Amino acid sequence: MSNGPVLAIENLRTYFFSRSKQAFIRSVDGVTLHIEKGKTLGIVGESGSGKSVTALSTMGLISAEPGVIIGKIGLKTETVQKNLLRDLKDHVKINMSTGRIMSVYKDSLGWQKKINRLMKGIRGKEIAMIFQNPKLSMNPFSSIGKQIAESILLNTSISNRNEAKDKAIYWLEQVKMDSPRLRYYNNPYGLSGGMCQRAMIAMALSSEPSLLIADEPTTGLDATIQSKIVDLLAHLKTSFGVTTMLISHDIDVIKSLSDNVAVMYGGTVLEHGPARTILTSDYKYKHPYTAALLSSIPSQEHIREKKKLQVIEGDVLDTINIPDGCRFFERCNKVTDKIKEQCEHTEPDLREVFPGHKVRCFRFFRT
Amino acid sequence: MAALLLLGVSFVVFIILFLSPGNPFNALLKEQAATGAVSDAAKRGLSVPSSWYTQYLSWLGNILKGDFGNSIQTGLPVLSEVIRVSINTVYLTAGSMIMTLVLAVPIAVLSARRGLTPTNWFFTIFTYVVSAIPVFWFGYIVIYISIHQFGVFPLASSSSSQGWSWFHFMLPVIVLGLGNGTISEVVRYLREEMSRVFAEEYILTARAKGASIWKHSFKEGFLLPITEIIASKIPFLLGGAVVVEQVFSWPGMGRMAWQAAQYRDYPLIMGITVVAAIIVRMGSLMQRVVQIMVNPRASRE
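The sections below set out a description of the structure shown in this document. (Residues numbered from 1 in each chain as written. Chains lettered and ligands numbered in written order. Predicted model: local features only at pLDDT ≥ 70, side-chain atom pairs only at ≥ 80, totals over all residues. Heavy atoms only, no water.)

### Things to note about the interface of chain B and chain A
On the chain A side, the residues contacting the 20 residues of chain B number 29 residues. Both faces considered, chain B and chain A share a buried interface measuring about 2100 Å² in area, 57% of it formed by carbon and sulfur atoms. When the buried surface of chain B facing chain A is broken down by residue, Arg207(B), Ala208(B) and Lys209(B) rank first, second and third, together holding 31% of it. The interface formed by chain B and chain A contains 2 salt bridges. (Contact = heavy atoms within 4.5 Å. Buried area = accessible area lost by both parts, 1.4 Å probe. Salt bridge = Lys/Arg side-chain N within 4 Å of Asp/Glu carboxyl O.)

### A few points about the nonpolar core
Grouped together as the largest cluster of nonpolar side chains are 113 residues, with contacts concentrated most on Leu33(A), Ile201(A), Ile213(A) and Met245(A). Ranked by residues supplied to this core, first place goes to helix α7 (residues 193-206) of chain A with 9 residues. When neighbours within four sequence positions are excluded, Met245(A) is seen to be in contact with Leu7(A), Ile9(A), Leu33(A), Ile35(A), Leu41(A), Ile43(A), Ala55(A), Thr58(A), Leu211(A), Leu212(A), Ile213(A) and Ala214(A). Counting residues in each nonpolar core, the second largest holds 43 residues, with Met97(B), Phe138(B), Leu178(B) and Val187(B) among its members. (Core = buried A, V, L, I, M, F, W, Y, C linked by side-chain atoms within 4.5 Å. Buried < 20%, exposed > 50% of the residue type's maximum accessible area, 1.4 Å probe, protein only. Helix = DSSP H or I, 4+ residues; strand = E, 2+ residues; numbered from the N terminus.)

### Quick look at the packing of aromatic side chains
Under the criterion given, the structure shown has 18 aromatic pairs over all chains. Taking 5.1 Å as the distance between ring centres and 75° as the angle between the ring planes, the aromatic pair formed by Phe11(B) and Tyr56(B) counts as edge-to-face. With Phe11(B) in helix α1 (residues 2-19) and Tyr56(B) in helix α4 (residues 52-64), this residue pair connects regions lying 45 residues apart in the sequence. We classify Phe11(B) as partly exposed; its relative accessible area is 33%. With a centroid separation of 6.2 Å and 25° between ring planes, the pair formed by Phe14(B) and Phe18(B) is classed as stacked. Here Phe14(B) pairs with Phe18(B), and both are found in helix α1, just 4 residues apart, close to one helical turn. A connected cluster of aromatic rings, assembled from ring pairs, spans Phe11(B), Phe14(B), Phe18(B), Tyr56(B) and Trp59(B). Between Lys165(A) and the ring centre of Tyr184(A), over which it is positioned, the NZ or CZ distance is 5.3 Å. Sitting above the plane of the Phe198(B) ring, Arg113(B) keeps its charged end 5.4 Å from the centroid. (Phe/Tyr/Trp six-rings, centres within 6.5 Å; stacked < 30°, edge-to-face > 60°. Lys NZ or Arg CZ within 6 Å of the ring centre and 35° of its normal.)

### Remarks on the pattern of salt bridges
Residues and elements named next belong to chain A. The full count for this structure, using the stated rule, is 19 salt bridges over all chains. The salt bridge involving Glu46 is made with Arg331; its shortest N-O contact spans 3.6 Å. In this pair, Glu46 is assigned in the loop between β3 (40-44) and α1 (51-59) and Arg331 in the loop between α12 (300-305) and α13 (337-345), connecting sequence segments 285 residues apart. This pair shows no difference in class: Glu46 is buried, exactly as Arg331 is. The partner of Arg183 in a salt bridge is Asp178, with the nearest N and O atoms 3.5 Å apart. A relative accessible area of 41% places Asp178 in the partly exposed class. One connected set of salt bridges, linked through shared partners, spans Arg13, Arg26, Asp29, Arg327, Glu347 and Arg360.

### Observations concerning the side chain of Glu216(A)
Residues and elements named next belong to chain A. Summarising the element assignment, Glu216 is placed in the loop between β9 (211-215) and α8 (223-240). Look at Glu216 and you get buried, because its relative accessible area is 6%. A polar side-chain atom of Glu216 sits 3.1 Å from a polar atom in the side chain of His249. Setting aside residues up to four positions removed in sequence, Glu216 forms contacts with Lys51, Gln132, Ile247, Ser248 and His249. (Polar contact = N/O pair within 3.5 Å; in protein donor to acceptor, adjacent residues only side chain to side chain.)

Purely spatial values, then, with no claim about function.
Below you can see the structure in the form of structure tokens.
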């Protein structure tokens, strides 16, 4: 029934204030993206590009002090429709003097209370999350089954303990855990990383969320386990059709699971569009960063023709001193003399260059 | 392990007693002429072993038979006497431990959750100041105030024949609870453990699924550190109890040990040492049991 995207993030900015440098670290700086119902959006980017912080901001789980989150995170499901950042700004005061931020005053208590009120009934119930490092992400002092059952009791209509247990075992079966009835009683340390991740996925799905955020679900696992987890996620995607935000730096994972892809760099989205166009290297409208990213990954073709891999020169963007112009300007190899001036001094906006495909690059439009 | 520990403790205390000046015979023969000759005659008459190791071994042999000997001062059997008064000491130390925790835990929990806000700063400094107060001084001040301001004589009667009143019970407990010097340590340790656990990834998971972080951090962030603190502070409390019992004439083990030391009542000192060591050992045993119950991994390590 619902029209429009389940999650629409508009111009999200998550800044952390560094006391020692007296400056904001702009981890997420103007992210705009949206996820359609039943689709998977893959978010890809280097470390430090703000992928995880975007996810944690969506969940209201940013706890560093004093951090500032502004923008709009619109969640629209069958039961809920609200901006998850509503009125949070009221709890922050920033003292500026001659253009520099001198100090930040944040009413942390009020902020935390407001966030918890806003997120009540959202966390777990509407949005569930899978983390990297499955072994550390499960409570080591409780059995995995109990933890899944707890999530079921908290977030679904089931309120009977035995029913919750049966349901937890059902979900353990769904994630292809071997002998789920026995595994129910296992503590996380008795399980391998891959099994823990299956349990985490079962726990996230068990609350039947409207949106699933998977933050690097395969990172930190063995290569063979990684591909099994990817297969499992693909299988679950077809059988349950959960709307998913999939975060990974691994393009292969993104490729095999996503319908749409957002490419992040330096805290912002450089390209947003359907997976098949973004992940094909010879597509006409392609951000130079995405092109460079794709050609830096070994493919069948590279191995066959013994081609050398391309390297993206330079370092990841310093998120304290973000330049005025395009964030990728320093490392871009596709700048032409015609647009150079513009690239260096004004930041291009994320503009639709083809229906459904947005790019932040002056090569495809002029302002 | 426990037996070895008791053996070691008793041996060390014995050596200290043996090397320290004075001996029970001087105390015993105080009324009479305590010359060397009389003392030696008493030794022979009581058939005391001559060398230090035969003395220790004969004591050890009797212990293994369950005989702790008789007090030199009173002539009463040591074991039953020590057990009788150790109950009072357990009341005092348990009560003051609870007192310490009642004060320290809320401060620790609050500052772990909310960070060092001005209020928490105040409370933390307060605990440091309280910890710096010497317990005997604090005890006398409390007695002074209660006599001169309230006209109540707060000393527990050493015979305790007229029974306990709450007032007599609470004052020493409060004094030892505040003055044992461990409050600031309890606050600091608990706060650090809790903040560490709050930063664990599984707490993030708990928040992400909408569960209570208190519930998920309880075992590692509260139960384990609390039992660890209790077990490790029992020796300090027993030490503090010696002073507080003396100040308040509390009929406990500490006071008895104090008197026994003055009279060079060797069998009594040794008996108290063994019972105190058993109490300390029970504390660490309790900690171990909780640890294994909470964390099944610990049992295999």
